[in-house]
Amino acid sequence: MKRLRMRNSRVDLIIQLKLAMTSSNDQFEHVKAVILSCHGDTSAEEKMNFYDTWADNYDQDVSVLEYHAPVFASKTVSSHFTGERKSARVLDVACGTGLLKKLGFEHFVGIDGSKAMLEMAKNTTMYQDLKICMLGSQPLPVDHDAFDVVIIVGGLSVGNVPVKVARELCMATKTGGYICLTTRSNQDNLAYKACLEQELKTLEEQGLWRRVQVVNVDQWERAVSHDEQGYIPGAVYLYQRL
Ligand SMILES: C[S@@+](CC[C@H](N)C(=O)[O-])C[C@H]1O[C@@H](n2cnc3c(N)ncnc32)[C@H](O)[C@@H]1O
């Protein structure tokens, strides 16, 4: 009798584990479908409509994707920044819902093209100011030489923020301040990544900033495209304004 009960509870456990695995797989398939519905080089308007509708579920969905880019970028800045963090001004470009880690910084300004994303960011109470701006078609709505740190995470990729915006990010940074940028290194973003790297190099050749560090990350996030499996790679770039 006792042995039968033990066997039944083991069977229950296996069933529960299988159900949990199925539900996490279903969740991943759902997130994949959401992202693929607006992947690649869509129009700016389509992209913003997509982010507007995604905003409510964004945090939950990117956690299923194991998206840790905001942590990678925040830590990269944090490991080089030697100034006074409490008074430093941080500009979070394409801030989304506000997933950056504060790591001792207290003054954040956020910019994004999606109103719904900005509403979510407002709820975090992390930002002193939030501005709506369609980057690439509108100028970055901040003064030159105004921020100690300028950071853009998850925004620089094909169909999102155009490469030319890197120059505006550089100009918004105070001399000696840091600019941190990220991009994906998977197949559908390779051409964009090459253009971005060319632009970063041009700004360096023009004496506007110096390259501090490039961090290549193998497991950037889980792959969602049909021809990739497992995890896709990504990169964090850190520059210092001259
Ligand atoms: C993948 S999310 C990243 C959000 C946040 N930085 C993070 O890492 O969670 C990309 C964000 O960039 C914004 N975005 C994309 N293209 C944009 C553009 N051209 N101008 C302004 N915002 C843009 C979207 O609205 C979205 O909030």
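Residues numbered from 1 in each chain as written. Predicted model: local features only at pLDDT ≥ 70, side-chain atom pairs only at ≥ 80, totals over all residues. Heavy atoms only, no water.

## A short note on the site of the ligand
Next, step 1: Looking at the ligand, there are 20 residues lining it, with Tyr58, Tyr67, Ala94, Asp112 and Val153 nearest.
Next, step 2: Between an oxygen atom of the ligand and a side-chain N or O atom of Asp112, the distance comes to 2.6 Å.
Next, step 3: Gly113 places a polar main-chain atom, nitrogen or oxygen, 3.0 Å from a nitrogen atom of the ligand.
Next, step 4: Relative to its free-state accessible area of 590 Å², the ligand is covered by the protein chains to the extent of 96%.
Next, step 5: Sorting elements by how many residues they give to the shell around the ligand places helix H2 (residues 44-64) first, with three residues. (Near = heavy atom within 4 Å. Polar contact = N/O pair within 3.5 Å; in protein donor to acceptor, adjacent residues only side chain to side chain. Areas by Shrake-Rupley, 256 points an atom, 1.4 Å probe, with all protein chains shown as cover. Helix = DSSP H or I, 4+ residues; strand = E, 2+ residues; numbered from the N terminus.)

## So, unusual backbone geometry
Next, step 1: With a phi close to 60 degrees, Thr125 is a non-glycine residue in the positive phi region.
Next, step 2: The residue Thr125 is located in the loop between helix H4 (115-123) and strand E3 (127-132) in this model.
Next, step 3: Of note, Asp145 is a non-glycine position whose phi angle comes to about 50 degrees, a positive value.
Next, step 4: Summarising the element assignment, Asp145 is placed in the loop between E3 and strand E4 (147-152).
Next, step 5: In this structure Asp145 comes out as partly exposed when scored by relative accessible area, which is 43%. (Buried < 20%, exposed > 50% of the residue type's maximum accessible area, 1.4 Å probe, protein only.)

## Things to note about the UniProt feature "domain: Methyltransferase" (unreviewed entry) in the protein chain
Next, step 1: The UniProt feature table records "domain: Methyltransferase" (unreviewed entry) at residues 86-207.
Next, step 2: The span residues 86-207 is 26% helical and 29% strand by assignment, and the distance between its end C-alpha atoms comes to 29 Å. (UniProt positions renumbered as here; feature names shortened; annotations may be inferred.)

## Points about H4
Next, step 1: Within H4, the full set of buried residues consists of Met117, Leu118 and Ala121. For H4, the angular spread of buried residues about the axis comes to 100 degrees, placing them on one side. Exposed and oriented more than 90 degrees from the buried face of H4 are Lys115, Lys122 and Asn123.
Next, step 2: On its buried face, H4 is in contact with H2, strand E2 (107-112) and E3. (Arc of directions from axis to C-beta. Contact = heavy atoms within 4.5 Å.)

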